[in-house]
Amino acid sequence: MREKQQVQTARIRVEIYIQDTDVFKKPERANCRSSEEMTLSVTAECGTSRDNSIVFSAISNDVVAADQAYQKLKHCINGLANEKLRMELRGILYPVFCHLYLEMLHAGNRQAAVQFMRSYQGDFTSDTEKDFLDELSSVFSIQDIELRPLVNVFRTRKYKVDLSDEAHIILQKFLTKYGHVILMQVINTHVTVIKNLSDLYASVDENEEDSEKKADVTINGHVEQPCGTGVDREMRELQEAIRLMRNTAHQPLRIFTVNNAIENASCGIITPNMDKLAAGFSTAEIRLWGIGETVLTRPRFRNPSIALACDPSPSVEILDEDEIDEAGAVVLRGHSDVIHDMRFIPEPEILLSVSSDKDMRAWRLNDYTCAAVYSGHNYPIWCMDTSVFNLYIATGSHDRTAKLWSLDRTFPLRIYAGHFLDVNCVRFHPNTQYLATGSSDKTVRLWNKDDGNLLRVYVGAQSTIFSVAFSPDGKYLASAGDDKSITIWDLATNAVLTELKGHQDSVMNLDWSSDGEFIASSSLDGIVHLWSTQECIKTGNVGSSNPTSTANPQIYTTNCSSILSLRYYNKNNSLVCIGTT
């Protein structure tokens, strides 16, 4: 036994001696290294001195070997007796599986990649994992990655996994003994493992400073930020928030309230980019507020040096340059009666308004002056709408007609006559070829925009129609009114598709989301309902004598005394409600 120990001691001594002699044999080499060599040496030493480094190697295109490597890792993890360790290490199985699938596609083995996905996709059961795998399974080439932002982010950013010391050691031992080159490559390139020293497996007596230092060490030798503060983790949290938003049963509702205007406020609207809010009042005034960081100021007004015949009347249009109320709103005056409806046109920055004074006015938002007055109706104008690209404007009036306008003509281009009572609402079809009007005569009519011919008459409402809305694809038309229900018409068959009941008061506002998945409605009692169109159409008894849907809407109590507007905006598909308190 002593002889064996002497042999081992002698062997160690010989190795040290050889190293020492090597150093002394080349003094000139050690002292004459260039700056590039010294930098390279220090870099190599730092890169190889990590206690958890893994050898980097070129990736293999052998899909069979990749499949076998994944199976070995899976069986190793599932074979652990300690459930806590098994659950920890399963966190690394998910990113490895996803990146192996992408590597197979990158190698041009689409069929093998699809088979790999189908074989092991069922191993992951959480909602986050299943949602992403559904997105990933639709990727069949490298070019497809660029078309899917979530997959692109997953591919280009590292995936963080928290492991305790014991789980980290088990992973190291597995990779040392069974780790295939493709497995090591995926972990090195796409995964960051953070050693969680705050776990029960961590030493209690360890210094706090040393714990923070070791927690920064990752499995690929790269120092990352502590757990929970890395950019990759923030990206994962953002993706989870996006997933929850997409899977929620309703879209978010934003409510803007106009205070102290219960009796006076008559209508409201927000600019498409949601930076200004305008409200019309029974006092014939329009007030304009900035939203967020937008601050409105009144520009100094100067009378033109030469008066033109087309200029508006100075007695009506010249406004006080300092006329901004105490709430910071710019006041627009020019109408002589109640304001009933408004629309924003973003490109020339124009605000359109209609009033009981029988006129439509266009207001410039750069200087808050009236640009034009459009006259043509014989009685008060109740409603208006703008077409796609804002080329045309339609208005509905107490004179039982709807009229078509363009900004470059102060007279109507078309007159749509046929209703027996007031035209309370008007809406353009998404293709701008048709126009829908709703009336107090309990009918909805569909018109040809260009020639003014009546195409369809939808009869069936029990009372006055106050609002109509087309679906974004132009296949359906929804109408609502005083009978507290919403009727959806199929334009192809001219039949009632379904009827939505749930409001306890007259439905005054109606709009369809830009993705076509929801219908929003509001009633006189300040209640907003959000209906899922898929659920409504599915549960509606199409073709029956009573096609009432059993769909349950999302219900919002706005606490507003009245709702002036309820519209979807393309910016984040936001549902915006304007009310009074």
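So, a few notes on the structure that sits alongside this text. Keep in mind that this is a model prediction, so the values were computed, not measured.

What about the overall build of the protein chain?
Across its full length, the protein chain carries 15 helices and 29 strands. Buried positions account for 46% of the 581 residues belonging to the protein chain. Taking contacts inside the protein chain between residues at least 6 apart in sequence as the whole, the part at least 24 apart equals 53%. Per element, the accessible surface of the protein chain, about 30,300 Å² overall, is 50% carbon and sulfur.

Re the layout of surface pockets
Taking a probe equal in size to a water molecule and rolling it over the atoms shows the remaining empty space. Of the pockets and cavities examined, the largest pocket occupies roughly 920 Å³. Together, 29 residues line the largest pocket, and Thr 386, Val 388, Arg 567, Tyr 568 and Asn 570 are the ones closest to its centre. Ranked by residues supplied to the lining of the largest pocket, first place goes to strand S28 (residues 562-569) with three residues. One number sums up the size of the second largest pocket: a volume of about 720 Å³. Along the walls of the second largest pocket sit 31 residues, with His 340, Phe 466, Met 508, Asn 509 and Leu 564 positioned nearest its centre. Among the secondary structure elements, those contributing two or more residues to the lining of the second largest pocket are strand S4 (265-270), strand S8 (339-345), strand S12 (381-386), strand S16 (423-428), strand S20 (465-470), strand S24 (507-512) and S28. At six residues, S28 tops the list of elements feeding residues into the lining of the second largest pocket. In terms of residue class, the lining of the second largest pocket is built from 17 nonpolar, nine polar and five charged.

Things to note about the side chain of Thr 395
Looking at the element boundaries, Thr 395 is found in strand S13 (residues 393-397). Judged by relative accessible area, which is 0%, Thr 395 ranks as buried. Residue contacts for Thr 395: discarding those within four places in its chain leaves Val 354, Met 360, His 377, Ile 381, Cys 383, Met 384, Thr 401, Ala 402, Lys 403, Trp 405 and Val 426.

Let's talk about the packing of aromatic side chains
For any pair of aromatic rings, geometry is given as the distance between the ring centres together with the angle between the planes. For the structure shown, the criterion picks out 13 aromatic pairs. The ring of Phe 281 carries Arg 287 above its face, with NZ or CZ at 5.4 Å from the centroid. Over the ring of Tyr 392 we find Lys 449, and its NZ or CZ is 4.2 Å from the ring centre.

Focus: the sheet that holds strand S5 (residues 276-281)
Ordered in space as S4-S5-S6-S7, the four strands form an open sheet in which the pairing is antiparallel. The open sheet has two edge strands, S4 and strand S7 (330-333), and neither has a second partner. Adjacent strand axes in the sheet meet at a mean angle of 20°, parallel and antiparallel pairs treated alike. Relative to S5, S4 runs antiparallel, the two being bridged by five bridges. Note on S5: the bridge partner recorded for Ala 265 is Phe 281.

A short note on the packing of helix H5 (residues 83-106) against helix H7 (residues 127-136)
In contact at an axis separation of 12 Å, H5 and H7 are set at 0° when each is read in the N-to-C sense. Of the possible angle classes, the one that applies to H5 and H7 is roughly parallel. Of the residues in H7, those in contact with Tyr 94, Phe 97, Cys 98, Tyr 101 and Leu 102 of H5 are Thr 128, Glu 129, Phe 132, Leu 133 and Leu 136. For the contact of H5 with H7, the class distribution of residues is eight nonpolar, one polar and one charged.

Cut-offs used in this document
- Residues numbered from 1 in each chain as written.
- Predicted model: local features only at pLDDT ≥ 70, side-chain atom pairs only at ≥ 80, totals over all residues.
- Heavy atoms only, no water.
- Helix = DSSP H or I, 4+ residues; strand = E, 2+ residues; numbered from the N terminus.
- Buried < 20%, exposed > 50% of the residue type's maximum accessible area, 1.4 Å probe, protein only.
- Contact = heavy atoms within 4.5 Å.
- Areas by Shrake-Rupley, 256 points an atom, 1.4 Å probe, with all protein chains shown as cover.
- 1 Å grid on protein atoms, 1.4 Å probe; cavity = no way out; pocket = protein on both sides within 12 Å on 5 of 7 lines; lining within 4 Å.
- Points joined across faces, edges and corners; volume = space filled by probe spheres on them.
- Nonpolar A, V, L, I, M, F, W, Y, C, P; charged D, E, K, R; others polar.
- Phe/Tyr/Trp six-rings, centres within 6.5 Å; stacked < 30°, edge-to-face > 60°.
- Lys NZ or Arg CZ within 6 Å of the ring centre and 35° of its normal.
- Pairing = 2+ DSSP bridges.
- Axes fitted to C-alpha atoms, helices over the stretch in contact; angles between N-to-C directions.
- Parallel < 35°, antiparallel > 145°, perpendicular 65-115°, else oblique.

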